[in-house]
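# Per-entry structural report
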Amino acid sequence: MKLWKSILPVIGIAGLFSCNTNNSKYKVATSDSITILHVHDIDPDLSIENLIDSVGYIQLETTPESLFADMRGLEILNDKFYILDFKGTTILSFDKNGKFLRKISAQGRGPNEYIMLDWMRTDPYTNKVLAVDGFSNKILIYDENLKLEKIVHTDFRPRIVIAFRDQKLIHYNYVNKEQEPPGLLKEFDLHIIDMTGKTTGGYIKNRTPEHNILGTHATSSHADGSISFLPIFGDTVYNISADGTIKPSYILEMEGKHIKGLSERQRNEIESDENNPSHRYDSWEEKGYLLPFEIFDNGTPISITFNSRESLRYLYSPQSGKSYLYNPMKIEGNSTLKFLTQSAMAQQGEWFYQPHNAITMQNLSDYYKFSGKYLDMINGMEPDANPVIIYYLSLIHI
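Below: a short report on this structure.

Conventions and cut-offs
- Residues numbered from 1 in each chain as written.
- Predicted model: local features only at pLDDT ≥ 70, side-chain atom pairs only at ≥ 80, totals over all residues.
- Heavy atoms only, no water.
- Pairing = 2+ DSSP bridges.
- Helix = DSSP H or I, 4+ residues; strand = E, 2+ residues; numbered from the N terminus.
- Axes fitted to C-alpha atoms, helices over the stretch in contact; angles between N-to-C directions.
- Salt bridge = Lys/Arg side-chain N within 4 Å of Asp/Glu carboxyl O.
- Buried < 20%, exposed > 50% of the residue type's maximum accessible area, 1.4 Å probe, protein only.
- Core = buried A, V, L, I, M, F, W, Y, C linked by side-chain atoms within 4.5 Å.
- Contact = heavy atoms within 4.5 Å.
- Arc of directions from axis to C-beta.

### Some thoughts on the sheet that holds strand S23 (residues 323-326)
Read across the open sheet, the four strands follow the order S20-S21-S22-S23; overall the sheet is antiparallel. Each edge of the sheet is formed by a strand with only one pairing partner; in this case those strands are strand S20 (292-296) and S23. Each strand of the sheet is rotated relative to its neighbour by a mean of 10°, with strand direction disregarded. Bridge count between strand S22 (residues 313-316) and S23: four bridges; the pairing is antiparallel. Its bridge partner being in S23, Arg 313 is matched across the sheet by Tyr 326.

### Some remarks on unusual backbone geometry
Despite not being glycine, Ser 54 shows a phi value in the positive range, around 55°. Take Ser 54: it is sitting in strand S3 (residues 52-59).

### Quick word on the pattern of salt bridges
In total, this model carries six salt bridges according to the counting rule given. A salt bridge links Glu 75 to Arg 121, with the shortest nitrogen-to-oxygen separation between them at 3.7 Å. Of the two residues, Glu 75 is situated in strand S4 (residues 71-77) and Arg 121 in strand S8 (residues 119-123); the sequence distance between them amounts to 46 residues. In this structure, Glu 144 and Lys 80 form a salt bridge, with 2.7 Å as the shortest nitrogen-oxygen distance. Of this pair, Glu 144 sits in the loop between strand S10 (138-143) and strand S11 (148-153) while Lys 80 sits in strand S5 (residues 80-85), and the two are 64 residues apart along the sequence. For Glu 144, a relative accessible area of 22% translates into the label partly exposed. By relative accessible area, Lys 80 is classed as buried at 14%.

### Description of the nonpolar core
One finds Ile 162, Leu 169, Ile 170, Tyr 172, Leu 190 and Tyr 203 to be the most contacted residues of the largest nonpolar core, which totals 32 residues. Secondary structure elements with two or more residues in this core: strand S9 (128-133), S10, strand S12 (160-165), strand S13 (168-172), strand S14 (188-194), strand S15 (199-205), strand S17 (227-229) and strand S18 (236-240). Ranked by residue count, the leading element in this core is S12, at five residues. With sequence-adjacent residues up to four places away left out, Ile 162 is seen in contact with Arg 121, Leu 130, Ile 170, Tyr 172, Leu 190, Thr 219, Ser 221 and Ile 227. If you look at the next biggest cluster of nonpolar residues, it comprises 27 residues, including Phe 352, Tyr 374, Met 381 and Ile 396.

### Notes on the environment of Ile 36
Mapped onto the elements of the fold, Ile 36 is located in strand S2 (residues 34-39). Between the alpha carbons of Ile 36 and Ile 251 there is a distance of 4.9 Å; along the sequence they are 215 residues apart.

### Re helix H6 (residues 372-379)
Taken together, the buried positions of H6 are occupied by Tyr 374, Leu 375, Met 377 and Ile 378. Down the axis, H6 shows its buried residues gathered within 155° of arc, on one side only. Across H6 from its buried face, at more than 90 degrees, point the exposed residues Lys 373 and Asp 376. Residues of H6 that are buried in the fold lie against S3, helix H4 (335-340), helix H5 (358-364) and strand S26 (388-394).

### Overview of the sheet that holds S26
One open sheet holds the four strands; their spatial order is S3-S26-S25-S24, and the pairing between them is antiparallel. Edge positions in the sheet fall to S3 and strand S24 (346-348), since each of these pairs with one other strand and no more. Each strand axis lies, on average, 25° off the axis of its neighbour in the sheet, ignoring direction. The pairing of strand S25 (residues 351-356) with S26 spans six bridges and is antiparallel. Following the sheet pairing, His 356 is matched in S26 by Val 388.

Below, the structure is given as structure tokens:
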């Protein structure tokens, strides 16, 4: 499916952005164009083999010290894998071949401990590992060797920390911000937090309608210090550079029956009455509006996952100009390949990475009718070992 893209002038968008409330060094880019991505409907003849190739796996080393059951988070930094275990008690690091390196396991109520980690992100610009303990209002900053450098205590429950810039943290509160008291946390989508835990500014005015959805984190951090952000129900991917310059990178024009975008005008016209049923997520979903769950644009292609009833995925290649919208489990093609590549937790260049549990896949092989060379690959995995990391290549750039 070809992507048709057009360039439109940037007019009247400065009001969407922010400035630092203390020293206004943050600025809006003077770019004179935005790329419009016209996302067409799902192609029923599209096959998973048209999109994915070169599937393999990395077995994470299993030792008494490195043993864990499942992952809550997976990040890549300097050719190392960083894993937050599903229980939120441990961060582990492995090299690119799966060899265990080190771990953090500091659960407790002491000054350098955490109750439970519910978020982890690596920052390729500063080589930091950022973790959030929302239960004790802590943001923990580690170096790439998992040595604790700083704990920032906040006066609110932190959700997602995206990046570390100039001794400031960039925070995203994905929950319904209508519950927040008046102030910066409610006013902006992204928040600037200093090392004392004080919120000092923000990026992107909060124009998200009231909703009841948790867990979306459509943000991405880059080695050049920039951040990508796609708001809940939004149609615009924003880029925030290392110096705080904000510009829209893409606007998604949803043209098919499966998914649509909520325009700036529609977001502005939403009433603030919390009893209005139109504020409920399911009512917006019934109308076909999107809920971006995750975005990867750290390489080629760009991948956006929409957490809708159909769990749609959108791939776009700036190099080839191609784009595809598809349902990872309903697309035509080999069922094993679909299962292995239905989602991704990390991206590096053209490659995507997704953890799987060998024994779970082996037990599900009959139910999903796994077959062919990928079934042989699954059956060759160690069933009683740590999870594996599946890697696969996208063909959309070809």
